[in-house]
Amino acid sequence: RHCDGFKIFLTLLSFSYVAKALAGIFMKISSTQIERRFEISSSLAGLIDGSFEIGNLFVIVFVSYFGSKLHRPKLIGIGCFLMGTGSILMALPHFFMGYYRYSKETNIDPSENSTSNLPNCLINQMLSLNRTPPEIIERGCVKESGSHMWIYVFMGNMLRGIGETPVVPLGISYIDDFAKEGHSSLYLGTVNAMGMTGLVFAFMLGSLFAKMYVDIGYVDLSTIRITPKDSRWVGAWWLGFLVSGIVSIISSIPFFFLPLNPNKPQKERKVSLFLHVLKTNDKRNQIANLTNRRKYITKNVTGFFQSLKSILTNPLYVIFVIFTLLHMSSYIASLTYIIKMVEQQYGWSASKTNFLLGVLALPAVAIGMFSGGYIIKKFKLSLVGLAKLAFCSATVHLLSQVLYFFLICESKSVAGLTLTYDGNSPVRSHVDVPLSYCNSECNCDESQWEPVCGNNGITYLSPCLAGCKSSSGNKEPIVFYNCSCVEVIGLQNKNYSAHLGECPRDDVCTRKSYVYFVIQVLDAFLCAVGLTSYSVLVIRIVQPELKALAIGFHSMIMRSLGGILVPIYFGALIDTTCMKWSTNSCGARGACRIYNSTYLGRAFFGLKVALLFPVLVLLTVFIFVVKKKFHGKDTKVSENERQVMDEANLEFLNDSEHFVPSAEEQ
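Just so it is clear, the model here is predicted, and its values are computed rather than measured.

**Regarding the overall build of the chain**
Part 1 of the reasoning: Scanning the chain from N- to C-terminus turns up 22 helices and 8 strands.
Part 2 of the reasoning: Put simply, the chain has 666 residues, and 55% of those count as buried.
Part 3 of the reasoning: Within the chain, residue pairs in contact and separated by at least 24 positions form 80% of the contacts whose partners lie at least 6 positions apart.

Here it is as C-alpha cells:
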C-alpha cells in the first residue's frame, strides 16, 4: 500500500538521522584522541574536524538544485552509504599503524610491564656509557609509517560530509511532498526526535570507548601503565567510527528499494511537475524542453546574481550574518574543544566529560530550544522582540565566559616547566630550564615524558629528572624511592618518594570544576532559548521571494567561516599555550603533553569574549535599524513562520557538527 511506503520511508529516515548523529558526535569527542594517536597539533586536528564542512560545501549546490528532480530515496541511500564509507575510512588507520606507543620519547615498549624500562637516575648513569650518539640516531632514523595516516581521517571525514549533504534536505522535501496536509511538522518532529536519541547514544558510547585502551583486544591491558587521566591516554577512538559507519551503511540499503513516489502528492502545485517529468519521456518534448531549459537557465543565472546583490545590499541581512557568525563561532569552539579544556583545567577524563555532556548539557540545549519556541509563540514576539531575545542570549553567553575567568585553575607545579628542578623557585619560561644539582649527575633525557608525582605535591617529568634511585618493581602502584629532587624540599619524614603519574588537582580546583559545569549547563539552556529566534529572523528581514537564497547564503557562511575556520584558529591559539610537546623516535614534534592551564584558559575564554562583545554591539545596531525600518508596522510572527521555526529548532538540535541549521533544513 502507498501509505505503508511513506511510513517505511519515515522509519528509514529516522534510522539515517541516528546514524548521522552518531558519526558527527564521534568526530567531535574524538578530536583529542586523534591528536594524540597521530602525534599532531590542535590546529591540524581542527583542520581534520573542519573537513566535514569542506566536503559538504563541495556538493551542497548540486544537491540543492538537482536533488528534488532526481530519485530522492536513492540519493539519500547513496548519501548514507558514503557517510558509512567515510566513517570506516576514518577508522582504517588504526589497523595499519601498529600498536600505540605512549613512550616514544624513550623508545619504551608499552607491552613491557617492568619499571626497569622506566629510566631512573642510577639506570641512566649506567646507560650513558653505552648511549648511541644523537647524530647516529638521526642518521639512521626512518620516518614512522603512521606519521601521515591522519590524511585518511581527513579524507574520510570529508567523504562523510559529502554523504550527509542530501539526507536532511531531500528527506524533508520528500516528507513535505507526500505527507497529508498539515501533518508534515508532526512527521519532521518524529524524525528529529529520533535524531536526538542518536546524539545521546553517541555521547554514551563515546564515554565508554574513551575508557577503552586504543589497542584493546591486541595487547595485554595489565601491561599498560597509563590511565584515562594521563595526557598520553588514547581511547578506542576508531570503534566509534566503525560502529557509526556500519550503522550508516545498513541504513542506506533499504532506500534503494523505495519508489520514487509512494503515493500521489497531496499538494496540487506538485502535480504539474510530475506530469512534466512523465512527458519528458517523449522524444519530441525532450528536444523542445532542451531549448526552453537553456533560456530558463540563462534567465535564472541573471536572476540569481540580481537576487544575491539584493540581499547583500540589505543592511539588516548583512548585520544578521555577521553577528550570527561571531555568535556561532563561540559555540563551535566550545563544542570542539570542551573536552580538552576540562581535561587540562580540572583533570577530568574524556570519558567522564562525554558522559556528563550527554546526560546534562545536551538535554539542557533541547529543553532550551523548545522553551524558546514556546516563549515566542506565547508572547507573539515581534521582530524587535526576537532581536531582543537574541540579545539576551548573547549577553548570557558573554557573562558566562567572563565568569569562567574566575574558575581557571593555576598551572600545575611541574619541575622543569613551571618550577626549577629542585622545586624551590618558579621559572619565567618553560623553555630550556637548567638542571639542578639534585639531578645534574643523572644524565637524564630532558625530552622524556614519563611524569611522576612527588610526595611534596610537585610533578616531575620523569623518575630520572626527579633524581629517583630505586623503585617498587612491578608492584602496583609503581613507586620510586630516594628521589633527591624531592628531598631538597626538606620533608620531615625523610620519605622522598614519587609515584607514577601526574599529581592530581587540589580541592579548590576540583570545586571550581563542579561550578564550571553547572554554569556550562545553565549557559547551554539559556542561550538555546535565545538562539531559537535566529531561524525566524533570517526569513523576516528579506523579501519573501529571496527567503531561500538568504538562508542558503547564511548557511554557506556559517559552514565556511565557522565550521571550517573556527576549529583551526582556536586550535592554533591552544597550541601556543603548550609547555611540553612529545617527540617521536626521530626527534620530530608530536602532540602536546601538558598545557599552561592558566594561559590556556585566559586565551580560550579571552578569544570567545572578543567574538561575543561585537555581537552585542551589532545586535544593538540591528534593533535600532529594525525599529527605524518597521516602525508602526506589524512585525509579529505569523502562523506559517511559527511552523518554520518549530522545524528549524528541531533541525538545529540535530546538527551534530556544530548545532548550526543549514539552508536546506529550513
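**Things to note about the environment of Ser 351**
Part 1 of the reasoning: Structurally, the position occupied by Ser 351 is in helix 15 (residues 350–379).
Part 2 of the reasoning: For Ser 351, a relative accessible area of 6% translates into the label buried.
Part 3 of the reasoning: A C-alpha to C-alpha distance of 9.3 Å links Ser 351 and Lys 229, two positions 122 residues apart in sequence.
Part 4 of the reasoning: Ser 351 has contacts with Ser 207, Ala 210 and Lys 211, leaving out every residue within four places of it along the chain.

**Overview of the pairing of strand 8 (residues 589–595)**
On a regular strand, each side chain points to the face opposite its neighbour's, so the side chains alternate between the two faces of the sheet.
Part 1 of the reasoning: Most of strand 8 is tucked away: 6 of the 7 residues are buried.
Part 2 of the reasoning: Looking at chain direction, strand 7 (residues 578–583) and strand 8 are connected through 4 bridges and run antiparallel. Among the inter-strand pairings, Lys 580 is bridged to a residue of strand 8, identified as Ile 594.

**Details of the state of the cysteines**
Part 1 of the reasoning: Enumeration according to the criterion identifies 6 disulfides in this entry.
Part 2 of the reasoning: With its sulfur 2.0 Å from that of its partner, Cys 444 forms a disulfide with Cys 464. Between Cys 444 and Cys 464, the S-S dihedral sits near -85°, and the bridge is therefore left-handed. With Cys 444 in the loop between strand 1 (414–415) and strand 2 (452–454) and Cys 464 in the loop between strand 3 (459–460) and strand 4 (470–471), this pair connects stretches of sequence that are 20 residues apart. Across the pair, exposure class does not vary: Cys 444 and Cys 464 are buried alike.

**A word on the side chain of Ser 436**
Part 1 of the reasoning: Along the chain, the position of Ser 436 falls in the loop between strand 1 and strand 2.
Part 2 of the reasoning: Take Ser 436: its relative accessible area is 9%, and that puts it in the buried class.
Part 3 of the reasoning: Not counting the four nearest positions on each side in its chain, Ser 436 is found in contact with Tyr 421 and Asp 422.

**What about the pattern of salt bridges?**
Part 1 of the reasoning: The tally for this structure, following the rule as stated, stands at 11 salt bridges.
Part 2 of the reasoning: Note that Arg 593 and Glu 39 form a salt bridge whose closest N and O atoms lie 3.8 Å from each other. Taken together, the residues Arg 593 in strand 8 and Glu 39 in the loop between helix 2 (31–37) and helix 3 (42–66) connect sequence positions 554 residues apart. Like Glu 39, Arg 593 is buried.
Part 3 of the reasoning: The partner of Arg 232 in a salt bridge is Glu 450, and the shortest N-O contact between them spans 3.3 Å. Taken as a pair, Arg 232 in the loop between helix 10 (184–211) and helix 11 (237–252) and Glu 450 in the loop between strand 1 and strand 2 lie far apart in primary sequence, 218 residues in all. In this structure, Arg 232 and Glu 450 share a single accessibility class: buried.

**Let's talk about the nonpolar core**
The tendency in soluble globular proteins is for nonpolar side chains to be buried as a group.
Part 1 of the reasoning: Judged by nonpolar contacts, the single largest core of 78 residues is most densely connected at Phe 38 and Tyr 213.
Part 2 of the reasoning: With residues near it in sequence (within four places) discarded, Tyr 213 still touches Tyr 100, Tyr 102, Val 219, Leu 221, Ile 224, Ile 226, Trp 233, Val 234, Gly 235 and Ala 236.
Part 3 of the reasoning: With 45 residues, the next largest nonpolar core counts Tyr 331, Ala 387, Ala 390 and Leu 398 among its residues.

**Some remarks on the confidence of the model for the chain**
Part 1 of the reasoning: Per-chain confidence: the chain averages 81 in pLDDT, with 79% of residues scoring 70 or above.
Part 2 of the reasoning: Put simply, helix 7 (residues 134–139) is where the chain has its lowest mean pLDDT, 42, and helix 11 is where it has its highest, 95.
Part 3 of the reasoning: In this model, residues 106–116 is a region of pLDDT below 50 whose contacts with residues beyond four sequence positions or in other chains number 29 contacts.
Part 4 of the reasoning: Contacts of residues 265–280 to residues separated by more than four positions or lying in other chains number 20 contacts, the stretch itself having pLDDT below 50.

**A closer look at the packing of helix 4 (residues 72–91) against helix 9 (residues 167–178)**
Part 1 of the reasoning: The N-to-C vectors of helix 4 and helix 9 enclose an angle of 155°; their axes lie 9 Å apart at closest approach. The angle between helix 4 and helix 9 places the two elements in the roughly antiparallel class. Here helix 4 runs over helix 9; the crossing is left-handed. Of the residues in helix 9, those touching helix 4 at Arg 72, Pro 73, Leu 75, Ile 76, Cys 80 and Met 83 are Val 167, Leu 170, Gly 171, Ser 173, Tyr 174, Asp 177 and Phe 178.
Part 2 of the reasoning: Classifying every residue of the contact of helix 4 with helix 9 by side-chain character gives 9 nonpolar, 2 polar and 2 charged.

Procedures and definitions
- Residues numbered from 1 in each chain as written.
- Predicted model: local features only at pLDDT ≥ 70, side-chain atom pairs only at ≥ 80, totals over all residues.
- Heavy atoms only, no water.
- Helix = DSSP H or I, 4+ residues; strand = E, 2+ residues; numbered from the N terminus.
- Buried < 20%, exposed > 50% of the residue type's maximum accessible area, 1.4 Å probe, protein only.
- Contact = heavy atoms within 4.5 Å.
- Pairing = 2+ DSSP bridges.
- Disulfide = S-S within 2.5 Å.
- Salt bridge = Lys/Arg side-chain N within 4 Å of Asp/Glu carboxyl O.
- Core = buried A, V, L, I, M, F, W, Y, C linked by side-chain atoms within 4.5 Å.
- pLDDT = per-residue confidence, 0-100.
- Axes fitted to C-alpha atoms, helices over the stretch in contact; angles between N-to-C directions.
- Parallel < 35°, antiparallel > 145°, perpendicular 65-115°, else oblique.
- Left-handed = near helix turned anticlockwise from the far one by under 90°.
- Nonpolar A, V, L, I, M, F, W, Y, C, P; charged D, E, K, R; others polar.

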